[in-house]
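# A structural walkthrough
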Amino acid sequence: MQIFNTQIELEGFLSKIRKKGIKIGFVPTMGALHEGHLDLVKKSVEENDYTLVSIYVNELQFNNPIDFNNYPITKEDDIEMLKQVSCDAVFMPSSEVMYPKGYKKISLELGNLVDVFEGPLRPGHFDGVVQVVYRLFDYIKPNTAYFGLKDYQQCMVIKALKNQFFHSIHLVFCPTIRMETGLAMSSRNKRLSPLGLIEASYLYKALTTIRDLSIHIEAFDAINYGKLLLQKRQIEVEYLELANADTLAPGKRWFRKNKNIVLLAVNIEGVRLIDNIGF
Ligand code: PAF
């Protein structure tokens, strides 16, 4: 597996293989890899000639410095895991490479997309994601890029970025990979105790209960029932809400079939977890 640390080596190599018609698949990550990431990498390996994964913990997207400082760094394990799934290359830039002196921040009009859910709770988060993904797309110019639907709102922000700046990049949003208990795979799960992991499995139980109730009762009541389920487990809920899957506009009544997305954010043992279900 090739390892690139600088933009110059990376761009030089990629432009050569691009000229030969080699299809490049790209999976951006912040490391601390788990099965969810590996699923994206496997899809890329299946669908492209060459798969590149980036590992870069992007400080710009952390609104909380404690969260940034606690972010797990597992470089050696990450490289080993990527080799196991036949990844072709990994890009591990320093902050100087990612954001060289005098680099230009881009501005992207995200409108209502960032006025809800994660937007107000994590000021600056999506702007940080936009800056880093813009720069990665610009360096790599992949044919296809892969993202996990666990970060649903992020997927929508990336779609807006693509629509404005990168028409030729094809985006693939992949279903959330879950543990047997239903808990969505996340690098943050590493910070939960065994008891915390059990508590966290109630998130998916609440989401599936809400989905199942949708054929019997109105959204407002189903969501309240889901909140009660979590509160009974003493889980601190930041939000649990229904939104339109295309616009993220919150709603109190069900949307049309396949246009419903229920999103949640909670805190368990001081670890912030997000999840969602679409139906
Ligand atoms: O989803 C993530 O891991 C990050 O937000 C991303 C897309 C790699 C940008 O830093």
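We now turn to the structure provided with this report. (Residues numbered from 1 in each chain as written. Predicted model: local features only at pLDDT ≥ 70, side-chain atom pairs only at ≥ 80, totals over all residues. Heavy atoms only, no water.)

## Describing unusual backbone geometry
The backbone phi angle of A32 is positive, close to 50°, even though this residue is not glycine. Looking at where A32 falls in the secondary structure, it is placed in the loop between β2 (24–29) and α2 (35–47). Since its relative accessible area comes to 1%, A32 is described here as buried. The phi dihedral of N258 falls on the positive side, at around 70°, and the residue is not glycine. Mapped onto the fold, N258 is located in the loop between β8 (250–251) and β9 (260–268). (Helix = DSSP H or I, 4+ residues; strand = E, 2+ residues; numbered from the N terminus. Buried < 20%, exposed > 50% of the residue type's maximum accessible area, 1.4 Å probe, protein only.)

## With respect to the sheet that holds strand β5 (residues 144–148)
Read across the open sheet, the six strands follow the order β1-β4-β3-β2-β5-β6; overall the sheet is parallel. Edge strands, defined here as strands with exactly one partner in the open sheet, are β1 (2–4) and β6 (170–174). The average angle at which neighbouring strand axes cross in this sheet is 25°, direction not considered. Bridge count for β2 against β5 is two bridges, and the pairing is parallel. (Pairing = 2+ DSSP bridges. Axes fitted to C-alpha atoms, helices over the stretch in contact; angles between N-to-C directions.)

## Observations regarding the site of the ligand
Around the ligand, the neighbouring residues are P28, T29, M30, Q61, V132 and Q154. Q154 places a side-chain nitrogen or oxygen 2.7 Å from an oxygen atom of the ligand. The protein chains hide 88% of the 290 Å² of surface that the ligand would expose on its own. When its residues are assigned to classes, the shell around the ligand shows three nonpolar, three polar and no charged. (Near = heavy atom within 4 Å. Polar contact = N/O pair within 3.5 Å; in protein donor to acceptor, adjacent residues only side chain to side chain. Areas by Shrake-Rupley, 256 points an atom, 1.4 Å probe, with all protein chains shown as cover. Nonpolar A, V, L, I, M, F, W, Y, C, P; charged D, E, K, R; others polar.)

## Thoughts on the sheet that holds strand β7 (residues 236–244)
Strand order across the open sheet formed by four strands is β8-β7-β9-β10, with antiparallel pairing between neighbours. Two strands close off the open sheet at either side, each with one partner strand: β8 and β10 (271–278). Sheet topology note: the β7/β9 ladder contains eight bridges and is antiparallel. Bridge pairing links L242 to V262 in β9. Seen against the sheet, helix α9 (residues 194–213) touches β7, β9 and β10 and runs at an angle of roughly 25° to β10. (Contact = heavy atoms within 4.5 Å.)

## Focus: the pattern of salt bridges
By the definition in use, this model includes 14 salt bridges. The salt bridge partner of D67 is R188, with a shortest N-O separation of 3.1 Å. On the criterion of sequence distance, the pair formed by D67 in helix α3 (residues 65–70) and R188 in the loop between β6 and α9 is long-range, its members being 121 residues apart. For D67, a relative accessible area of 14% corresponds to the buried category. (Salt bridge = Lys/Arg side-chain N within 4 Å of Asp/Glu carboxyl O.)

## Brief notes about the nonpolar core
If you look at the biggest cluster of nonpolar residues, it comprises 49 residues, and the most contacted ones within it are L52, F91, F137, I140, L161 and L248. Take this core: its biggest share by element is 10 residues, from helix α7 (residues 125–140). Each residue touching F137, except ones within four places of it in the same chain, is listed here: F26, P142, A145, F147, I158, L161, F166, I169 and L171. Counting 23 residues, the second-largest nonpolar core is a separate cluster that includes I223, L240, V266 and V271. (Core = buried A, V, L, I, M, F, W, Y, C linked by side-chain atoms within 4.5 Å.)

## Topic: helix α1 (residues 7–19)
End to end, α1 covers 18 Å across 13 residues, agreeing with the expected 18 Å (1.5 Å per residue, within 8%). Within α1, the full set of buried residues consists of L10, L14 and I17. Viewed end-on, α1 has its buried residues packed into an arc of 65°, placing them on one side of the element. Turned more than 90 degrees off the buried face of α1, the exposed positions are I8, K16 and K19. At the C-terminal side of α1, G21 shows a positive phi close to 85°. (Expected span 1.5 Å × (residues − 1). Arc of directions from axis to C-beta.)

## Remarks on the packing of α1 against α7
At their nearest, the axes of α1 and α7 sit 9 Å apart, and the two run at 50° to each other. The angle between α1 and α7 places the two elements in the oblique class. Packed against α1, whose contacting residues are Q7, L10, E11, L14 and R18, the element α7 presents D138, Y139 and I140 at the interface. Of the residues belonging to the contact of α1 with α7, the class tally is four nonpolar, one polar and three charged. (Parallel < 35°, antiparallel > 145°, perpendicular 65-115°, else oblique.)

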